[in-house]
Amino acid sequence: MAETSLLLFFSFVILFIIIGNSCNAAEEIKVYELKKGDFSVKITNYGATVLSVILPDKHGKLDDVVLGYNSINDYKNDTTYFGGLIGRVANRIGGAKFKLNGVEYKLPANDHGNTLHGGSRGFCDVIWKVENYQEDSHVTLTYNSFDGEQGFPGDLSVKVTYMFIGANKLALDMQAKPLNKATPVNLASHTYWNLGGATSGSIFSHTIQIFGSKITPVDDKLIPTGTITPVKGTAYDFLQPRTIGSKFSEIPGGYDINYVLDNTEGKHLHRVATVHESKSGRKMELWTNKPGVQFYTSNMLENAKGKDEFVYKKYAALCLETQGFPDSVNHPNFPSQIVNPEETYKHIMVYRFTAL
């Protein structure tokens, strides 16, 4: 009887520890605001996710210009990747597998037989540790990805810093260091932008210029064919500014394509795109050190209930995800995403916001 009582006691202790740890994990999820004047950004350590970006328009009216949800719990069940920090490998990997150093790695097939945005539980679905936070300056978050997580090789130490630069720039500094094995790394920020305000409707009237004269064409499952083709004379040509809706009828389903950025050699940062919304006057300019950008017009957004119960429909936002090329692990002619233990992956994005 004494042994039974002792066993019962230890069972309750173990259960208490498990419940306590679960509660602690839930309590770790917090929201961090960066604020400078009328410019503010909210980040959560769940998925290192951008929750809001509030900016004034040309009349000084403040609006949230990114799509998202009311509750952190909604992000846990999210299939749109609203604002998430995507990894270990953003975008798609064909056939949910790749070979590295003679070993084939099989990954979760979470997108029509392919791997999308790091698998069924990518970096946007985990709790990050907040390493440093200063409200008027920056927040730094870290995550340790273990060997075999979502099928990827090696332990990987990851760090992202969201920071203000001056009065009107937001920068993302993403870094990752393999600890014991070579591994592919391709981090990306999956923020959905509508410069007219998150509840203002479609982005067809936004004017965009993309500094990429080539794209990587894809098959019917959005996997690159391996070719690189010029955009000149096609509906993908945004080398000169024009509205997103101006040739939309020529793109079945909407834009979801990787652009090969121009003038990337020998520069710390190069221009990616500019976006302008005439009614608000808001303009967003983007720079990066990466060779590509995925231009996506929220084609798969289907009546998602967002902030303040507003229902987001297709084409309610645009994404500009700077990145390495999709499925690079299976295309030797694409820039390599393989990072070795003695190397550090570095990915920088800088947004500049104005309103005129």
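Further up the page is the structure itself.
Residues numbered from 1 in each chain as written. Predicted model: local features only at pLDDT ≥ 70, side-chain atom pairs only at ≥ 80, totals over all residues. Heavy atoms only, no water.

Peer 1: How should I be thinking about unusual backbone geometry in this particular structure?
Peer 2: Glycine aside, residues mostly have negative phi, and peptide bonds are mostly found in the trans state. Note the cis peptide between glycine 87 and arginine 88, where omega equals 5°. By the element assignment, arginine 88 lies in the loop between β5 (84–86) and β6 (92–93). In this model, leucine 222 sits at a positive phi of 65°, which is unusual for a non-glycine residue. Residue class for leucine 222 comes out partly exposed when judged on its relative accessible area of 23%. Of note in the backbone geometry, serine 298 takes a positive phi value of approximately 50° without being a glycine. (Helix = DSSP H or I, 4+ residues; strand = E, 2+ residues; numbered from the N terminus. Buried < 20%, exposed > 50% of the residue type's maximum accessible area, 1.4 Å probe, protein only.)

Peer 1: Whenever I open this one, the environment of tyrosine 345 confuses me. Can you help?
Peer 2: Here tyrosine 345 is to be found in strand β28 (residues 345–355). Judged by its relative accessible area of 5%, tyrosine 345 is buried. Tyrosine 345 sits 158 residues away from leucine 187 along the chain, and the two C-alpha atoms are 9.1 Å apart. Not counting residues up to four positions away in its chain, the partners in contact with tyrosine 345 are Met174, Gln175, Ala176, Val185, Asn186, Leu187, Lys290 and Val339. Of the polar contacts made by the side chain of tyrosine 345, one reaches the backbone nitrogen of leucine 187; its length is 3.0 Å. At 3.1 Å, the side chain of tyrosine 345 forms a polar contact with the side chain of histidine 347. (Contact = heavy atoms within 4.5 Å. Polar contact = N/O pair within 3.5 Å; in protein donor to acceptor, adjacent residues only side chain to side chain.)

Peer 1: What's the story with the sheet that holds strand β11 (residues 138–145) in this structure? I'm lost.
Peer 2: Sheet strands associate in pairs through backbone hydrogen bonding, adopting either a parallel or an antiparallel arrangement. The strand order across the open sheet formed by nine strands is β10-β11-β12-β13-β28-β22-β21-β16-β19, and the pairing between neighbours is antiparallel. The sheet is open, and its two edges are formed by β10 (129–134) and β19 (242–243), each paired on a single side. Sheet analysis places β10 next to β11, joined by five bridges and oriented antiparallel. Opposite valine 130, over in β11, you have leucine 141 as the bridge partner. (Pairing = 2+ DSSP bridges.)

Peer 1: How should the sheet that holds strand β1 (residues 31–36) be read in this particular structure?
Peer 2: Reading across the sheet, the four strands line up as β1-β2-β3-β4 and stay open at both edges, with antiparallel pairing between neighbours. Single-partner strands in this sheet number two, and they are β1 and β4 (62–64). Pairs of neighbouring strands in the sheet enclose a mean axial angle of 15°, with direction left out of account. Of the strand pairs in this sheet, strand β2 (residues 39–44) and strand β3 (residues 49–56) are connected by five bridges, and their pairing is antiparallel. Bridging from a neighbouring strand, valine 41 pairs with valine 53 of β3. (Axes fitted to C-alpha atoms, helices over the stretch in contact; angles between N-to-C directions.)

Peer 1: Would you explain the state of the cysteines in this entry?
Peer 2: Between two cysteines, a covalent bond joining their sulfur atoms is known as a disulfide. Enumeration over the complete set of coordinates arrives at zero disulfides. Considering cysteine sulfurs only, cysteine 124 is the nearest to cysteine 319, which forms no disulfide, with 12 Å between them. On the accessibility criterion, cysteine 319 (0% relative accessible area) is buried. (Disulfide = S-S within 2.5 Å.)

Worth remembering: the numbers are spatial, not functional.
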